[in-house]
Amino acid sequence: MQEYFTPQERQQVLRLVKSLNDRLEGQLSTEDINTVHRLVEGGIVEAGIFKRDQYGLNPVVRHLNTALTLCDSIAPDRTMVIATLIYNLCRGDYLDVDRVKALFGPDIARVVHGLLHVAPLYKKQAAVENENFHKLLLTFAEDVRVILIMTVDRLALMRAINHHPNEKFVHEIASESRYLYAPLAHKLGLYAIKTELEDTSLKYLNRKVFTQIANRLAETKQERDRYVSDFIKPIDERLKAEGLNYEIKGRTKSINSIWQKMQKQGVDLGGIYDLFAIRIILDTKPRDEKRACWLAYSIVTDIYKANPSRFKDWITVPKSNGYESLHITVYGPGDKWVEVQIRTQRMDESAERGVAAHWRYKGIKSDGDVDKWMNEVREMLEASGQEGQMSLMRNMDTNLYNDEVFVFTPKGDLIRLPQGATVLDFAYHIHSRVGSTCMGAKVDGKNQKINYRLRSGDTVEVITSSTQTPRLDWLGIATTSRARNKIKNAINERRANQSLLAREALQRRFKNRKIEPEDAILARVIKKMGFKTTTEFYVAIQEEAIDISDVVEQYEAISQGPATATARGTAEQFVLQQHDNEHQPRHDSDILVIGEDVKGINYRLAKCCNPIFGDRIEGFIASDGAIKIHRTDCKNLHHLRSRYPYRIIRTRWTGKAGSQFLVTLQVLGKDDIGIVASITSVINKSGDSLLRGISVHADGGLFEGFLTVSISSNELLDDLTQKILNVKGVKQVNRL
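Residues numbered from 1 in each chain as written. Predicted model: local features only at pLDDT ≥ 70, side-chain atom pairs only at ≥ 80, totals over all residues. Heavy atoms only, no water.

Undergrad: Talk me through the overall build of the chain; I want residue IDs and the actual numbers.
TA: Counting its secondary structure elements, the chain contains 27 helices and 20 strands. Taking all 736 residues of the chain together, the buried fraction comes to 47%. Across the chain, contacts joining residues at least 24 apart in sequence account for 68% of those joining residues at least 6 apart. Entry remark: accessible area of the chain is about 38,400 Å², with carbon and sulfur atoms responsible for 48%. (Helix = DSSP H or I, 4+ residues; strand = E, 2+ residues; numbered from the N terminus. Buried < 20%, exposed > 50% of the residue type's maximum accessible area, 1.4 Å probe, protein only. Contact = heavy atoms within 4.5 Å. Areas by Shrake-Rupley, 256 points an atom, 1.4 Å probe, with all protein chains shown as cover.)

Structure (structure tokens):
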């Protein structure tokens, strides 16, 4: 234990522990102190958890500094101090949250759990500059005190790494502090922490500029002090003459604020006219606040000429976050513009402690829910009595974004999607081409299907295939309007292309039959066949749901009209002529038998479903007289059965298998080494099947193969499918 600390660190630890005891004023019991000491010592000596990090920083010293800063900048609180000192012990097997609960109670266990929940997010370092990261952080934190501890811990770390030899490490920490922690501190009203984080970040990221401004401010400090003294002297005299109780402060703007103004205005330090601001703080009763502020305003503007374009009245109408003050800019001695802020002690305390905190009117983005939540936090920070503050914070709800999920790309970019969004929604958010070719994704390293519902904090890597195209059932998977619109557009575009191809095929068939088609007659054919639009009609042709020869026959029948004229009659005289071959009842004996030994029957196997021996089948009489054999579960057969039930023939195979049939199998699985060889070996070793073709595609660790196999029956096919499923890495086998 002694070897763990340097002599300087041992002295520092003793000093920090004593300071913590003084700040907490008896909140820590002797049992608390002994338990924490025992746990930390065990973490160092027994478990080796509290090791110096890769950059040489001592975590015990850092946590003690964080705990002390929490007491000074937020409030002395037993829960936050103990959680800060022990939560790192829960990252290993040495200590778990249940034991924390048993040792210290459920409140500390809740904060420790929140700190552990948030910690993995920082592996996604590229996302910290994203505004959505703040929202994800609030969702994961579970307790407002977790955010406070994290913000103060970052301040302690920033103080510890000054002149650290690893410049890359310092640069990364400073960038995170600038883009994540400083805005969080600003929103929480922790203005002093926000200012120090920004100034320190500037020092680490651009030490030359920071040093130049700091030196220049130091050189001109006496001059500024003298100017402030001369400026306020006549104001001081008039305020006293009016009998007001007040305090006048002159503060120099932060170095980072000055640098931002120099950048924005394109000037050097000498061109910044408002390096400092004068603040008049009035001590008055609440009922006299407005009168006193306006009296002070009239005194200042009587002495110095005001710039009306820079006047801000936030007393008559306070800002939406509660900020109250009068801001005026006056022309002071030496031809310099000076900003003067006038407020009461109550208004000043509110602004300084956080209820207003400048965060809204400084351009920090937020929304209504965050505004409300942050205002509640600020009210807690200024609540009277530390116990009142902490008891309120225990009941704070940080889960502000129940209707959203925040997920990472592999590069660390953070994407916001609605709650319930799927991998498919994520893919279309990235790019429409990525969405249209999406086959699935790796979510936190695990393969997931396109319908996997994303959770906040997931890292998603989309897996695509050039053979994938949007399908109609995707509309039941996608939840975002962007994805659904893209899917609809892609399907409509494909249908339009199919329609064009089918139109051309129908025109060729008409030409072969020496027919010049007329649009009016063709429209009657389309309507008669039950289609509402020409696009649906042509898509049905392209998908072989209807036979193109049947369309031509229907056209000829309508264009030629009745073969013989019939006498006109009344409706009562009309008798529907029944055709013997259409609606006469069928008996069980009316079954078409097909197979290798059956001769003299003009039939062919439908290409849409590729039936094989053993499949349940039915026949459809095409317009050319041939019988197309479909599997009974074929979608095209279902369509034909609904339109032409009289052309369906019950069909079965002969008693034994004979011919070889071609079947296409889709195989999905992990892209393991040798998986293709293993699959082909299984097929070749099976004496009842023969591999006739193979197409393989692998992307992002996912394997997809299309196998054309020659086989004699579905029984043998089932056996072969099971053998392929037994191959290591194969997850799914589908018959197409």
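Undergrad: Any chance you could break down the pairing of strand β19 (residues 702-711) for me, citing the residues and the numbers?
TA: Across the 10 residues that make up β19, a large majority, eight, are buried. Of the pairings in the sheet, the one linking strand β17 (residues 661-670) to β19 comprises 10 bridges and is antiparallel in character. Among the inter-strand pairings, Leu668 is bridged to a residue of β19, identified as Glu704. (Pairing = 2+ DSSP bridges.)

Undergrad: Explain the nonpolar core residue by residue, including any values.
TA: In this structure, Ile74, Ile86, Val100, Phe104, Val112, Leu115 and Ile161 are the most contacted members of the largest nonpolar core, which totals 63 residues. Discounting residues that sit within four places of it in the chain, Phe104 has contacts with Asp32, Thr35, Val36, Leu39, Arg78, Ile82 and Ile86. In terms of nonpolar packing, the next biggest core, distinct from the first, is built from 29 residues, Phe531, Tyr538, Tyr644 and Ile648 among them. (Core = buried A, V, L, I, M, F, W, Y, C linked by side-chain atoms within 4.5 Å.)

Undergrad: For the sheet that holds strand β13 (residues 603-605), give the residues involved together with the corresponding values.
TA: Read across the sheet, five strands follow the order β12-β16-β14-β15-β13 without closing on themselves; strand pairing throughout is mixed. Whereas interior strands pair on both sides, the edge strands pair on one side only; in this sheet they are β12 (592-594) and β13. Within this sheet the neighbouring strands show an average axis-to-axis angle of 35°, counted without direction. The pairing of strand β14 (residues 617-621) with strand β16 (residues 648-653) spans four bridges and is classified as antiparallel. If you follow Gly619 over to β16, its bridge partner there is Ile649. (Axes fitted to C-alpha atoms, helices over the stretch in contact; angles between N-to-C directions.)

Undergrad: Give me the lowdown on the environment of Val462, citing residues and values where you can.
TA: Structurally, Val462 is set in strand β11 (residues 460-464). In this structure, the C-alpha to C-alpha distance between Val462 and Ala441, residues 21 residues apart in sequence, is 4.3 Å. Discounting residues that sit within four places of it in the chain, Val462 has contacts with Phe426, Ala427, Val434, Cys438, Gly440 and Ala441.

Undergrad: Residues and numbers for the pattern of salt bridges, please.
TA: Under the definition given, this model contains 24 salt bridges. In this structure, Arg159 and Glu196 form a salt bridge, with 2.8 Å as the shortest nitrogen-oxygen distance. One end of the pair, Arg159, is in helix α8 (residues 144-160); the other, Glu196, is in helix α10 (residues 191-205), and 37 residues separate them in sequence. Overall, the relative accessible area of 46% leaves Arg159 in the partly exposed class. Residue classification places Glu196 among the partly exposed positions, given a relative accessible area of 27%. (Salt bridge = Lys/Arg side-chain N within 4 Å of Asp/Glu carboxyl O.)

Undergrad: Outline the packing of aromatic side chains, listing residues and values.
TA: Two aromatic rings are characterised by how far apart their centres lie and by the angle between their planes. Here the structure, examined in full by the defined rule, presents 10 aromatic pairs. Taken together, a centroid distance of 4.5 Å and an interplanar angle of 5° make the contact between Phe231 and Tyr304 stacked. Of this pair, Phe231 sits in helix α12 (residues 221-241) while Tyr304 sits in the loop between α14 (289-303) and β3 (305-306); the two residues are 73 residues apart in sequence, bridging distant segments of the chain. For Phe231, a relative accessible area of 0% puts it in the buried group. (Phe/Tyr/Trp six-rings, centres within 6.5 Å; stacked < 30°, edge-to-face > 60°.)

Undergrad: Lay out the packing of helix α3 (residues 59-73) against α8 in plain terms, naming residues and giving numbers.
TA: The axes of two packed helices give the description: the angle between them and the distance between them. Two elements in contact, α3 and α8, have axes separated by 8 Å at closest approach and are oriented at 120°. Comparing their axes, α8 and α3 come out oblique. The element α3 and its partner α8 pack so that their crossing is right-handed. Of the residues in α8, those in contact with Arg62, His63, Asn65, Thr66, Thr69, Leu70 and Ser73 of α3 are Leu148, Ile149, Val152, Asp153, Leu155, Ala156, Leu157 and Arg159. The class makeup of the residues in the contact of α3 with α8 is seven nonpolar, five polar and three charged. (Parallel < 35°, antiparallel > 145°, perpendicular 65-115°, else oblique. Left-handed = near helix turned anticlockwise from the far one by under 90°. Nonpolar A, V, L, I, M, F, W, Y, C, P; charged D, E, K, R; others polar.)

Undergrad: Which residues make up α12, and what values do they have?
TA: Given a rise of 1.5 Å per residue, 21 residues ought to cover 30 Å, and the 30 Å separating the end C-alpha atoms of α12 matches this to within 8%. Considering bend angle alone, the principal kink of α12 is centred on Ile232 and spans about 35°; proline Pro234 follows within four residues of it. Restricting attention to buried positions, one finds in α12 the residues Arg224, Tyr227, Val228, Phe231, Ile232, Ile235 and Leu239. Summarising the contacts, the buried residues of α12 are in contact with α11 (207-219), β1 (246-252), β2 (276-282), α14, β5 (326-332) and β6 (336-344). (Expected span 1.5 Å × (residues − 1). Bend = angle between axes of the 7 residues up to and from the residue.)

Undergrad: For the packing of helix α4 (residues 78-86) against helix α6 (residues 106-118), give the residues involved together with the corresponding values.
TA: Contact geometry for α4 and α6: axes closest at 9 Å, N-to-C directions at 45°. Put simply, α4 runs oblique to α6. Read as a crossing pair, α4 and α6 show a hand that is right-handed. When α4 is examined against α6, the residues Arg78, Thr79, Ile82, Ala83 and Ile86 are found in contact with a partner set consisting of Asp107, Ile108, Val111, Val112 and Leu115. Along the lines of polarity and charge, the residues of the contact of α4 with α6 split into seven nonpolar, one polar and two charged.

Undergrad: Go over the confidence of the model for the chain, please, and point to the residues and values.
TA: Per-residue confidence for the chain averages 78 on the pLDDT scale, and 81% of its residues sit at or above 70. When mean pLDDT is compared element by element in the chain, α14 scores highest at 94, while helix α24 (residues 580-583) scores lowest at 39. Taken as a whole, residues 354-371 scores under 50 in pLDDT and shows 49 contacts with residues more than four places along the chain or in a different chain. The low-confidence segment residues 380-393, where pLDDT is below 50, has 29 contacts with residues more than four positions distant or belonging to other chains. (pLDDT = per-residue confidence, 0-100.)

Undergrad: Please give an account of the side chain of Arg647 that cites residues and values.
TA: On the secondary structure map, Arg647 appears in the loop between α25 (635-643) and β16. Separated by 3.4 Å, the side chains of Arg647 and Asp550 make a polar contact. (Polar contact = N/O pair within 3.5 Å; in protein donor to acceptor, adjacent residues only side chain to side chain.)

Undergrad: Tell me what's going on with the environment of Leu725, and back it up with residues and numbers.
TA: For Leu725, the position within the fold is in helix α27 (residues 714-725). A relative accessible area of 30% means that Leu725 is categorised as partly exposed. Residues Leu725 and Leu668, spaced 57 residues apart in sequence, show a C-alpha to C-alpha distance of 9.6 Å. Beyond its immediate sequence surroundings of up to four residues, Leu725 is in contact with Val730, Lys731, Gln732 and Val733.

Undergrad: How would you sum up the sheet that holds strand β9 (residues 438-443)? Please name residues and give values.
TA: Spatially, the three strands line up as an open sheet ordered β10-β9-β11, and their pairing is antiparallel. Where the open sheet ends on each side, the last strands, each with one partner, are β10 (446-448) and β11. Averaged over all neighbouring strand pairs, the angle between strand axes comes to 30°, with direction disregarded. Relative to β10, β9 is paired through three bridges, and the arrangement is antiparallel. Among the inter-strand pairings, Ala441 is bridged to a residue of β10, identified as Gln448. Running over the sheet, helix α18 (residues 423-430) touches β9 and β11 and is turned about 100° from β9.

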